[in-house]
Amino acid sequence: MAVDELQAIIQRCQILEEADFKGEDFNLFQVAGQKCLEDGHAAQLLEVIQNEKNKVIIKNMGWNLISPLVRCIFMYKQEDDKREQCLRILDQLAQLCNPKELFLGLLEQIEQTSGEQVCQTVMLLLQPLQTVLLKLQNKKAYSVGLSLAMIMNQLTPLPVPYTKQQIQEDKLGLCQCCNAVVDFAKPFVNEVVKNTEKSSEYNDMELKEELIKFCMKSLKYPLLTAQLEQLEGIEEHPFRHFATEIIDILWSIGELMPLVFVHHKSKSPHWENQEFADIEQKNSADSLACLSYLIFVQHLGVECFPVVFSPSYLLLCNMTHIEVLLKRTEESVLSKGLDLFESCLLRMDDNSLLHHYLEFRDFINVPQDLVKIMTLCPMEHMGKKSLNILQLFIDKFDTEGKYTLFRCLLKTSNHAGVEGYIIKNIKDQIHLALTGYDNIWFTGHHLISLLDLVLSLPEGAETDLLQNSDRIMASLNLLRYLVIKDCESDNQTGVWTTLGKIEQNFLKPLRVGLNMSKAHYEAEIKNKKENRKEAQSSNTVCSVTVSGEKMPAMTTGMQLQVLHSALFTFDLIESVLARVEELIEVKTKAVMDEN
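Keep in mind the model is a prediction, meaning the values are calculated, not measured.

J.: If you had to explain the overall build of the protein to someone new, which residues and values would you point to?
T.: On a plain count of helices and strands, the protein comes out with 25 helices and 4 strands. Here the protein holds 595 residues, and the buried ones make up 49% of them. When contacts within the protein are restricted to residue pairs at least 6 apart in sequence, those whose partners lie at least 24 apart make up 76%. Approximately 30100 Å² of the protein is accessible, and the part contributed by carbon and sulfur atoms is 51%.

So this is what it looks like as structure tokens:
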């Protein structure tokens with residue numbers, strides 16, 4: 001029945017001129033063709049399409065069959081003959097239909113797909129879409145760009161496989177689809193390369209810009225969040241292959257070096273809305289950061305680069321990208337930022353990075369980002385790696401650079417543990433200066449200025465000693481070292497000159513604060529012990545709230561344990577403080593006796 005209806009419409013249209021086709025004819029053809037497909041008459045429909053007499057009809061009306069054809073292809077199993085016939089119909093339509101009409105039909109079908117069928121639909125339609133685009137004469141660059149943008153927009157919502165198992169399963173087909181899209185783009189890349197060798201006409205530049213946009217989108221998704229390390233058991237990592245292909249495209253069209261070193265930006269629309277402009281800029285920054293990671297960490301395409309760039313220049317070029325990556329919270333992106341930073345630093349010799357680089361904003365922002373990861377990131381391995389990289393960063397600077405960086409971090413970190421770590425680094429630099437290493441920045445008046453930051457309490461005697469214990473212990477250890485190592489007669493560090501100020505601003509307030517804190521905590525312990533019997537009989541627990549979230553309840557025993565732990569910390573601080581005061585007294589008395 002469906003075949004008869006189709007034959008009737010075909011016979012009617014065969015006698016009409018192309019210009020006489022009406023909207024009704026298009027509708028009848030679409031309905032009859034759809035019925036043929038749904039009723040399993042794909043073979044008969046294929047015969048109609050292949051018939052030379054129907055060439056004009058298929059050219060004008062065939063594109064209407066795309067939607068029902070795609071539905072039927074997915075309905076049949078891979079080995080089904082009817083599915084093979086449907087695929088042949090799709091191939092014939094790509095060859096015979098009006099390119100402009102079929103192009104719009106194929107794009108519409110890609111746009112309408114969603115969920116688990118996105119990758120299947122895209123891979124199914126890539127070949128006919130490529131065939132149609134290669135036939136287009138007018139607005140080819142625009143059409144290629146529209147196709148690539150539509151495909152990437154459809155793929156972007158899909159989750160990127162990350163673990164080895166997810167990549168091997170490729171449940172939604174994303175890995176396979178991404179590499180199929182690159183193959184789809186290759187003829188247009190070759191066209192740009194070929195035409196660039198001949199001339200630089202505007203149309204060629206336009207197609208080139210569309211390919212750059214595609215590469216930039218691909219770098220942001222899926223490559224920015226993808227796992228790109230070599231995986232055991234996977235012979236060809238699909239995302240590494242995809243990344244290599246993207247870099248090859250950029251190299252082929254002459255845009256790889258400008259993107260990496262000149263921060264070239266492809267032509268982007270002028271947005272009147274600032275919010276859209278900001279989004280465009282952020283997307284570009286993410287893509288360029290990912291590109292640098294691929295080249296300098298994964299070494300993809302690195303053979304294209306001349307070995308003429310100094311390690312400090314490579315670090316300078318990459319600091320903007322590192323900052324972009326370190327501001328993200330996803331583990332897959334954050335780890336790329338840490339790896340890129342580490343890779344750049346490992347190329348450099350210790351003490352080779354000039355202090356002038358700290359005049360660049362990124363060189364101040366990035367260590368501050370590292371501090372945030374160390375102190376706020378819930379992933380312990382990320383925090384540890386950030387600490388190691390911060391030390392690596394410190395080691396690369398010359399002495400003035402270290403000095404400036406220490407001052408900056410002491411003022412901005414707002415974390416006692418980090419401040420304690422920086423003070424330990426200061427102590428190490430002072431040790432080098434006192435043991436023969438020529439270093440004016442960690443002796444004399446420069447050091448005294450730095451000690452004013454180190455040997456002080458943020459809020460005097462009322463400072464929370466427990467919260468600041470790491471910083472206080474590091475400061476006391478530094479002062480103890482200075483008093484032991486630097487004789488008053490030599491006074492290389494200047495500590496003896498400023499001792500009165502240190503006692504007034506640091507030692508005396510610390511002693512007062514310790515006495516107050518110990519008295520308070522001892523009173524609390526006494527109070528808890530007195531009430532313990534009553535608390536046990538009523539099974540009372542203490543409720544603690546942190547940042548608006550209720551923490552697990554604490555029993556009286558647990559509270560006592562916390563209080564005793566605090567007292568132990570105060571005793572530790574007090575013992576080092578007493579030792580420092582003793583050393584100062586002994587050395588001062590010895591000098592007075594000599595005099």
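J.: Give a detailed account of the packing of helix H19 (residues 380-396) against helix H21 (residues 416-434), specifying residues and quantitative values.
T.: At a closest axis distance of 12 Å, the pairing of H19 and H21 adopts a crossing angle of 35 degrees. Crossing of H19 against H21: the hand is right-handed. Across the interface between the two elements, Leu387, Gln391 and Ile394 from H19 touch Tyr421, Ile422 and Asn425 from H21. Of the residues belonging to the contact of H19 with H21, the class tally is 4 nonpolar, 2 polar and no charged.

J.: Report on H19, specifying residues and quantitative values.
T.: The terminal C-alpha atoms of H19 lie 25 Å apart, and with 17 residues this matches the ideal 24 Å at 1.5 Å per residue to within 8%. Inspection of H19 places Met382, Gly383, Ser386, Ile389, Leu390, Gln391, Leu392, Phe393, Ile394 and Lys396 among the buried residues, and these make up the whole buried set. Where H19 is buried, its residues touch helix H16 (311-326), helix H17 (331-346), helix H18 (361-376), helix H20 (399-412) and H21.

J.: Pulling in residues and values, what's your account of the pattern of salt bridges?
T.: This structure, assessed with the given rule, holds 25 salt bridges. Here Glu191 ties to Lys140 by a salt bridge, and the two come within 3.0 Å at their closest N and O atoms. Pair noted here: Glu191 is in helix H11 (residues 174-198) and Lys140 is in helix H9 (residues 140-155), with a separation of 51 residues, a long-range link. Relative accessible area serves as the criterion here: at 16%, Lys140 is assigned to the buried category. As a salt-bridge pair, Glu574 and Arg511 come within 3.0 Å of each other at their nearest N and O atoms. You can see Glu574 sitting in helix H25 (residues 556-594) and its partner Arg511 sitting in helix H24 (residues 499-537), a full 63 residues away along the chain. It is possible to trace a salt-bridge network through shared partners that takes in Glu323, Lys327, Arg361, Asp362 and Asp369.

J.: Before we move on, can you summarise the environment of Gln11 with the specific residues and values?
T.: Within the secondary structure layout, Gln11 lies in helix H1 (residues 2-14). Residue classification places Gln11 among the exposed residues on the basis of a relative accessible area of 51%. Each C-alpha atom of the pair Gln11 and Lys53 lies 9.9 Å from the other, and the pair is 42 residues apart in sequence.

J.: A description of the packing of helix H7 (residues 99-112) against helix H8 (residues 118-135) should follow, citing residues and the corresponding values.
T.: Relative orientation of the contacting elements H7 and H8 amounts to 160 degrees, with a least axis distance of 10 Å. The angle between the axes of H7 and H8 places the two elements in the roughly antiparallel class. Of the two elements, H7 crosses H8, and the hand of that crossing is left-handed. Facing Pro99, Leu102, Phe103, Leu106, Leu107, Gln109 and Ile110 of H7, the residues of H8 in contact are Thr121, Val122, Leu125, Pro128, Leu129, Val132, Leu133 and Lys135. Its residues assigned to classes, the contact of H7 with H8 comprises 12 nonpolar, 2 polar and 1 charged.

About the cut-offs
- Residues numbered from 1 in each chain as written.
- Predicted model: local features only at pLDDT ≥ 70, side-chain atom pairs only at ≥ 80, totals over all residues.
- Heavy atoms only, no water.
- Helix = DSSP H or I, 4+ residues; strand = E, 2+ residues; numbered from the N terminus.
- Buried < 20%, exposed > 50% of the residue type's maximum accessible area, 1.4 Å probe, protein only.
- Contact = heavy atoms within 4.5 Å.
- Areas by Shrake-Rupley, 256 points an atom, 1.4 Å probe, with all protein chains shown as cover.
- Axes fitted to C-alpha atoms, helices over the stretch in contact; angles between N-to-C directions.
- Left-handed = near helix turned anticlockwise from the far one by under 90°.
- Nonpolar A, V, L, I, M, F, W, Y, C, P; charged D, E, K, R; others polar.
- Expected span 1.5 Å × (residues − 1).
- Salt bridge = Lys/Arg side-chain N within 4 Å of Asp/Glu carboxyl O.
- Parallel < 35°, antiparallel > 145°, perpendicular 65-115°, else oblique.

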